[in-house]
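For reference, the chains in residue letters:
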Amino acid sequence: MTPEEALGRAAEAGIHQLRIPTPFAVGRVNCYLIEDEPLTLVDTGPNSGKALDELEHQLDARGHSIEDLELVILTHQHIDHLGLVEIIAARSGADVATIEAAVPFMESFGDRAEEDDQEAASLMLRHGIPEDVVFALQSVSRSFRGWGAKPKITRPLRDGEQLEIGDHRLEVQHRPGHSPSDTVFWDADRRILIAADHLISHISSNPLITRPLDGSSDRTQALVAYISSLRKTRELPAEIVLSGHGEAITDHAALIDKRFAGYERRAEKIEALIAEQPRTGYEIAQALWGNVAVTQAFLTLSEVVGHVDLLVNAGRVREVSDGDVTRYEATDEGASNPLLGEG
Ligand SMILES: [Zn+2]
């Protein structure tokens, strides 16, 4: 089955992909219209006139309007997925659903995003990212916030619950990793998984360092959480996985295995760099990718810290604090396969 055939099969099952433009490097975001009762939109696109215009056109092409929508499901907390939700809810009166753990974050979006940015800034400084880069990134992030939204969640979802949308029964499965709120929706009857950014065909979903949804300041190990979420998804007998960006996936187990192999290779590379000499997260990122664009600094640090977490958990690397900065050094012991070692 090609990705196009997969979309065709999903459409026959009443699940239609809408591709909404975003101003971000990732390009268009895939939203999904479930033509059933209630008429349901999974993710909305960012809060921009262009996105709203395209959403209206694509709904119209299927004989619907914004006002017809009855339920909006948000797959996770990122602005390219939820930005239009306030406008849609105001115009349609639609219910807004998301995993219950994410409700406080979403309902206080602006404040929480600011707190998250502060936390991210101190984390970046601690990992050796230069101050000017950190400040530049903070202002980029603030300027992006207008594409977000602060929805009122009228339908909190429990992990494991069955969401009935007419004759579509979707099992709600919380799959933290890419973000703490990532949730996938499993249509067991049709073997279709709506996965959003949990699994993307052409890019490895970045396990972004993000504060926990309860607002506490303990850092979660995003890649560790993501790997355990991917293991669960790998077990699903899915035939079609509908992603938040790019093409539909028809071989999710093979794709997940490829991701695991990639994490292992990268962890090995990072371990070799740390064995040469103690390094900060930023120094490791530079050794791997050179001088990346300012906007990529946090993404690459998230990648590095995620992989170092695997090595630290396996006992192969330890954190040493050097004034205000954290460096990593080799322990010359520990499990030989950090990724598979923790089962
Ligand atoms: Zn995302």
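Since we're looking at a predicted model, the values are computed, not measured.

Trainee: Explanation requested: the sheet that holds strand β4 (residues 71–73) in the structure shown.
Mentor: The strands making up a sheet associate through hydrogen bonds between their backbones, and the pairing can be parallel or antiparallel. Reading across from one edge, β1-β2-β3-β4-β5-β6 is the order of the six strands in this open sheet, with mixed pairing throughout. Of all strands in the sheet, those with a lone pairing partner are β1 (15–20) and β6 (155–157), marking the two edges. Averaged over all adjacent pairs, the angle separating strand axes in this sheet is 25°, with direction ignored. Its contacts with the sheet place helix α2 (residues 49–60) against β1, β2 (29–34) and β3 (40–42), and it is angled at close to 150° to β1.

Trainee: Whenever I open this one, helix α4 (residues 85–92) confuses me. Can you help?
Mentor: Residues separated by three or four positions in an α-helix point in the same direction, a consequence of the helix having 3.6 residues per turn. Buried within α4 we find V85, I88 and S92. In an axial view of α4, the angular spread of the buried residues amounts to 65°, which keeps them on one side of the axis. Those residues of α4 that are buried lie in contact with β3, α2, β4, α3 (79–82) and β5 (95–99). The first or second residue beyond α4 is G93, which carries a positive phi of 75°.

Trainee: What should I look at first to understand the sheet that holds strand β11 (residues 240–243) in this one?
Mentor: If you trace the five strands from one edge of the open sheet to the other, you get β7-β8-β9-β10-β11, paired in mixed fashion. Of all the strands in the sheet, just β7 (162–165) and β11 have a single pairing partner and so form its edges. Across this sheet, the average inter-strand angle for adjacent strands is 25°, counted without regard to direction. Direction of pairing for strand β10 (residues 192–196) relative to β11: parallel, over a ladder of four bridges. Looking at β11, one finds that A196 is bridged to S243.

Trainee: Can you help me understand the coordination of the zinc ion in this one?
Mentor: Perfect tetrahedral coordination of a metal by four donors corresponds to 109.5 degrees between them, and perfect octahedral coordination by six donors corresponds to 90 or 180 degrees. For the zinc ion, the full set of protein donor atoms is H76 (NE2), H78 (ND1), H178 (NE2) and D197 (OD), and the range of their distances to it is 2.2 to 2.3 Å. Coordination at the zinc ion is irregular: its four donor atoms span angles of 86 to 176° at the metal. We note that the donor set of the zinc ion lies within a single chain, spaced as H-x1-H-x99-H-x18-D. Overall, H78 belongs to the buried group, its relative accessible area being 17%.

Trainee: Looking at this structure, how should I read the packing of aromatic side chains?
Mentor: In total, this model carries four aromatic pairs according to the counting rule given. Seen in terms of ring centroids, F24 and F144 are 5.0 Å apart; in terms of plane orientation they differ by 70°. Their pairing is edge-to-face. Of this pair, F24 sits in the loop between β1 and β2 while F144 sits in helix α7 (residues 131–144), placing them 120 residues apart in sequence. Taking relative accessible area as the criterion, F24 reaches 16% and is therefore assigned buried. Take F144: its relative accessible area is 32%, and that puts it in the partly exposed class.

Trainee: What exactly am I supposed to notice about helix α10 (residues 281–289) here?
Mentor: Of the residues making up α10, those classed as buried are G281, Y282, I284 and A285. Each buried residue of α10 lies within a common arc of 160° when the element is viewed along its axis, so the set occupies one face. Just past α10, the residue G290 takes up positive phi, approximately 70°.

Trainee: How should I be thinking about the nonpolar core in this particular structure?
Mentor: The tendency in soluble globular proteins is for nonpolar side chains to be buried as a group. Of all hydrophobic cores here, the largest spans 54 residues; its most connected members are L55 and L242. Looking at which element gives the most residues to this core, the answer is β2, with five residues. Among all residues touching L242, those that are not within four sequence positions of it are L7, A10, I15, Y32, I192, L193, I194, A195, A196 and A248. Ranked by size, the runner-up nonpolar core spans 26 residues in total, among them M124, V133, L208 and L301.

Trainee: Would you take a moment to explain the side chain of H174 for this structure?
Mentor: Positionally, H174 belongs in strand β8 (residues 168–174). Engagement of the side chain of H174 in a polar contact is seen with the backbone oxygen of P180, the distance being 2.8 Å.

Trainee: Looking at this model, I keep getting lost on the environment of P151. Mind explaining?
Mentor: Relative to the helices and strands, P151 resides in the loop between α7 and β6. Considered as a pair, P151 and R327 are 176 residues apart in the sequence and their alpha carbons are 40 Å apart. P151 has contacts with L74, V85, E86, V96, M106 and E107, leaving out every residue within four places of it along the chain.

Cut-offs and rules
Residues numbered from 1 in each chain as written. Predicted model: local features only at pLDDT ≥ 70, side-chain atom pairs only at ≥ 80, totals over all residues. Heavy atoms only, no water. Pairing = 2+ DSSP bridges. Helix = DSSP H or I, 4+ residues; strand = E, 2+ residues; numbered from the N terminus. Axes fitted to C-alpha atoms, helices over the stretch in contact; angles between N-to-C directions. Contact = heavy atoms within 4.5 Å. Buried < 20%, exposed > 50% of the residue type's maximum accessible area, 1.4 Å probe, protein only. Arc of directions from axis to C-beta. Donors = N, O, S within 2.8 Å, 3.2 Å for Na, K, Ca; no water. Tetrahedral: all angles 85-135°; square planar, octahedral: opposite > 155°, others 65-115°. Phe/Tyr/Trp six-rings, centres within 6.5 Å; stacked < 30°, edge-to-face > 60°. Core = buried A, V, L, I, M, F, W, Y, C linked by side-chain atoms within 4.5 Å. Polar contact = N/O pair within 3.5 Å; in protein donor to acceptor, adjacent residues only side chain to side chain.

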